[in-house]
Amino acid sequence: MSLQSLALIENWPVPTAAAGVVRADGTVLGTHGPVDTRFPLASVTKPLAAYAVLVAYEEGAVELDEPAGPPGATVRHLLAHTSGLAFDEHRVTAPPGERRLYSNAGFEQLGDHVTKATDIPFGEYLRQAVLEPLGMTSTSLTGSPAKDGVSTVADLLRFAAELQAPRLLDPRTVAEAMTVQYPGTKGVLPGYGHQNPNDWGLGFEIRDSKSPHWTGSSSSPRTFGHFGQSGTFLWVDPAAGVACAALADRAFGPWAVEAWPVFTDAVLAELRG
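Definitions and limits used
Residues numbered from 1 in each chain as written. Predicted model: local features only at pLDDT ≥ 70, side-chain atom pairs only at ≥ 80, totals over all residues. Heavy atoms only, no water. Pairing = 2+ DSSP bridges. Helix = DSSP H or I, 4+ residues; strand = E, 2+ residues; numbered from the N terminus. Buried < 20%, exposed > 50% of the residue type's maximum accessible area, 1.4 Å probe, protein only. Salt bridge = Lys/Arg side-chain N within 4 Å of Asp/Glu carboxyl O. Core = buried A, V, L, I, M, F, W, Y, C linked by side-chain atoms within 4.5 Å. Contact = heavy atoms within 4.5 Å.

(A) Region of the structure containing the sheet that holds strand β3 (residues 39–40). Spatially, three strands are ordered β3-β5-β4 in an open sheet, and the strand pairing comes out antiparallel. Each end of this open sheet is capped by a strand with a single partner; those strands are β3 and β4 (140–141). Direction of pairing for β4 relative to strand β5 (residues 149–151): antiparallel, over a ladder of two bridges. Across the sheet, the residue bridging to L141 is G149, located in β5.

Here is the structure:
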């Protein structure tokens, strides 16, 4: 089966784009564009990093509620962007658990925390814990666990299948990661302004009733995933039983705000049709 809706990426004002859709059983329902081309992920790095942290948790190297990051914060706070750390600076701007302050610095402190706990550099830990077992041979992380990953659509579809039918983690751990942490927490969704609430799981943004949003108007509230400033996104819609990854080589901006929801709605409509 090939999805005609994926061809909408041809209309995006970008030099290069690729997209694909996958079911929980790993069946790729369709792809469009160069799915083996490596793109910078920007913040789509975070779900991969979070998954590695959850492997470290299941291996007993870290606990979700142990101290990590700024005083009073935990691994859970860092994963859920409620540690109080600033966006790109390692300074505290709020008490832990009070506001949803989206933070690259928080994910960098997570990486440091796992590195100390396992005695393995975080990029290497990610490779051993997640990338290698899933066959994501074109994916790598050198640099910040918040934003320096590089991957392909083909590899992200492998990860997206894992998110829907976990093999590396206990399904209960993944269910927890897709459950709102610190419910009712307000904050800014980068690129989309203030959201009340700004729901987040453990490293994964949860759509709920956010508006405006980068997913579609027909995306279920349970949809979770992440987008990146390099023109990238990955969403999983449990109600539709599918996940979608799209990578591009133009920075996120008004073009993406306009194009992405239309694209997602077209994909979901075709699948329902």
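Moving on from the model shown.
(B) Quick look at the pairing of strand β10 (residues 232–237). For β10, the tally of buried residues reaches six of six residues, placing the bulk of the element in the interior. Here β10 shows a buried face lined by T232, L234 and V236 and a second buried face lined by F233, W235 and D237. By the bridge criterion, five bridges tie strand β9 (residues 224–228) to β10 in an arrangement that is antiparallel. When the bridges of β10 are listed, F227 appears paired with F233. The hairpin turn running from β9 into β10, its antiparallel successor, is three residues long, and G231 in that turn takes a positive phi close to 90 degrees. Relative to strand β11 (residues 242–248), β10 runs antiparallel, the two sharing five bridges. In the sheet register, W235 faces β11, and the bridge partner there is C244.

(C) Representation of the pattern of salt bridges. Using the criterion set out here, one finds eleven salt bridges in the structure. One salt bridge connects R76 with D65, and the closest N-O pair in it is separated by 2.8 Å. Separated by eleven residues along the polypeptide, R76 in helix α2 (residues 75–79) and D65 in the loop between α1 (45–58) and α2 bring together distant segments of the chain. A single salt-bridge network, built from bridges that share partners, covers D65, R76 and E176.

(D) Spotlight on the nonpolar core. If you look at the biggest cluster of nonpolar residues, it comprises 56 residues, and the most contacted ones within it are Y51, L79, V130, F159, L163 and F204. Counting residues per element, this core draws most heavily on α1, which supplies nine residues. Leave out the neighbours within four places in its chain, and F159 touches P47, L48, Y51, V130, L134, M136, F204 and L234. Of all hydrophobic cores here, the second largest spans 29 residues; its members include L6, W200, W214 and A246.

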